[in-house]
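Secondary and tertiary structure notes
These are the residues of each chain, in order.
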Amino acid sequence: MSEIRVTNVLGENGNSPVNFTKGINMSGIVTATSFVPTVGQLSHRNKIINGACNIAQRGVSATSVSGQYKTVDRFSVNYGGEDEDPTEAQHTLSTSDTPYTLGFRKSFHITNGNQTSGAGAADYVQPQYKIEAQDIANCGWNYTDSNSFITLSFWVKASVAGDYTLNMNTHDGTPYRYLMEYTLTADTWKHVVFKIPGNSNLTVNNDNGLGLQIMWYPFLGSNYIQADQENNWYASSNQKYGTTSTTNWWTTNDATWEITGVQLEVGSVATPFEHRSFGDELSRCQRYFHIIKTGSGEEKYVGQLQVYASGNCHGKYFHFPVTMRAIPTTTLSGTITPTNASGNFSSNFSTATFDRNTTEFVGSNNTSGSSGLTAGNTAAIGLRPNSSISSSAEL
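So, here's what we can say about the structure. (Residues numbered from 1 in each chain as written. Predicted model: local features only at pLDDT ≥ 70, side-chain atom pairs only at ≥ 80, totals over all residues. Heavy atoms only, no water.)

Below, the discussion takes up the sheet that holds strand 20 (residues 361-368). Here we have 6 strands laid out as an open sheet, ordered 18-21-15-16-20-19, and antiparallel in their pairing. Of all strands in the sheet, those bounded by a partner on one side alone are strand 18 (336-338) and strand 19 (351-353). For this sheet, the mean inter-axis angle between neighbouring strands, taken without regard to orientation, is 30°. As defined by bridge partners, strand 15 (residues 300-309) adjoins strand 16 (residues 312-319) across 3 bridges and the pair is classed as antiparallel. Paired with alanine 309 across the two strands is asparagine 312, which belongs to strand 16. (Pairing = 2+ DSSP bridges. Helix = DSSP H or I, 4+ residues; strand = E, 2+ residues; numbered from the N terminus. Axes fitted to C-alpha atoms, helices over the stretch in contact; angles between N-to-C directions.)

Shown next as C-alpha cells:
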C-alpha cells in the first residue's frame, strides 16, 4: 500500500490555501478538520430567535422601560442611573447600511436620552437577549469542555466611536459570566465574532427556564468594570459585567447603537447568517409573546364564553397558535363585549380576569360587568376597535 502524507499545500506565490480550479478526483475516505460554508445555510443552527429583528409584535418604536419588551421581539433593554429614558425602535435599514446587501432589512435600535448628570459609576444601558435553557442543553455544545465552542456573531453600529463591551451569562447552578470587547468606528457597521469555549464550572438545566443571557453595553459604569477578565469565564457574583466604559456614548445626547444579524451557533466558526422565513420566525416568537389587536374601526371575535349570570361569563377565549413556554400572563388593553341572544353586542365587560390560562389557550373564570345576557347561553366575545389581548411568557 502506498501513502502520500502532506502537511501543507502552497500556491504558486507561496501562499496557502490553494484554489483547485480544475477539481480534484479522489478515492477512499477524505477527512476534513473543519467545514465552513461560504454560501447557503444549515437549518436550525442559530439559537437566537428573531436575530434579524424582523418581528416586532408590540410595535416599532417606544420609550424604553427597563426590563420590559417594547418593540423587537426577544430583545429588551435594562438600564439604570438615567436622567432621561432611552428610546428603542425596530429600525428599517437602507441600501446605505452594510448588512442590507446580506439580506437584513431591520435592526434593534437604541437612542440615548439626555443624561445631564454625566456618566455615573452605577449608570448603564443594557440591550439583552435571553435564551431558554433547554435550547442550549440540547444544542450539541459541550459547555463543560474548554475544547468545545459556541460562536456568537452580530452586526453592530454606533454613532460614537470607542471600545464597547458585552457578556454572556449562565443562570443555573453557580452563575458564570464570559466578558468580551469590540471596537467601533463612528457610524460604521462592523461584523463582530466571538468564539466562546466551554468551562467545567458551567451548569445549564434541561428545562424551560433561563439558560443563557447575552448583555451588550453601549455604556457601562465603572462600578461594573473588570478590565482584566476579557475572554474569560468567572463567577458572576462580583457584579462585574464588562471590560470597558464608553463614556462618550452615555454623555452624548441622542447617541445611537443598533444591532442585527445576531447568531449563536455550535462550533468554532461563524457561518453565514441563517435567514428564516417571516412566518417561521413569528411562530418562534409566539412561544414567548402573543397578541391579538384591532385598529381604528376594526373588530375581531376572540372566542365564545358560557354565560352563568345576566352579565357574567366564563370559559375559554382562544387557542394560541403555538404552545407557549409557560402559562402566560394575559392583559386586556381597551374593550371586549359579549353578544346577546339576538346576536348583537351587549354592553361592555367591565372586568376580564384571565385566571384559567394554560400554555395552550386563554381562559377566564370570571369575565363580568355586562348586562342583558341569558344564563346557560353562549356569548361570542368581540374585541372592539383600538384594543388588544396580549399574553406574555417571556423569560
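Strand order across the open sheet formed by 6 strands is 1-3-4-13-6-9, with antiparallel pairing between neighbours. Where the open sheet ends on each side, the last strands, each with one partner, are strand 1 (61-63) and strand 9 (190-197). Going across the sheet, the axis of each strand differs from the next one's by a mean of 25°, ignoring polarity. Sheet analysis places strand 1 next to strand 3 (residues 87-92), joined by 3 bridges and oriented antiparallel. In the strand pairing of strand 3, threonine 63 is matched with threonine 87.

What follows deals with the side chain of asparagine 50. Within the secondary structure, asparagine 50 sits in the segment before strand 1. Separated by 3.1 Å, the side chain of asparagine 50 and the backbone nitrogen of asparagine 54 make a polar contact. Setting aside residues no more than four positions away along its own chain, asparagine 50 makes contact with Ile55, Val72, Asp73, Arg74, Phe75, Arg276, Glu281 and Cys285. (Polar contact = N/O pair within 3.5 Å; in protein donor to acceptor, adjacent residues only side chain to side chain. Contact = heavy atoms within 4.5 Å.)

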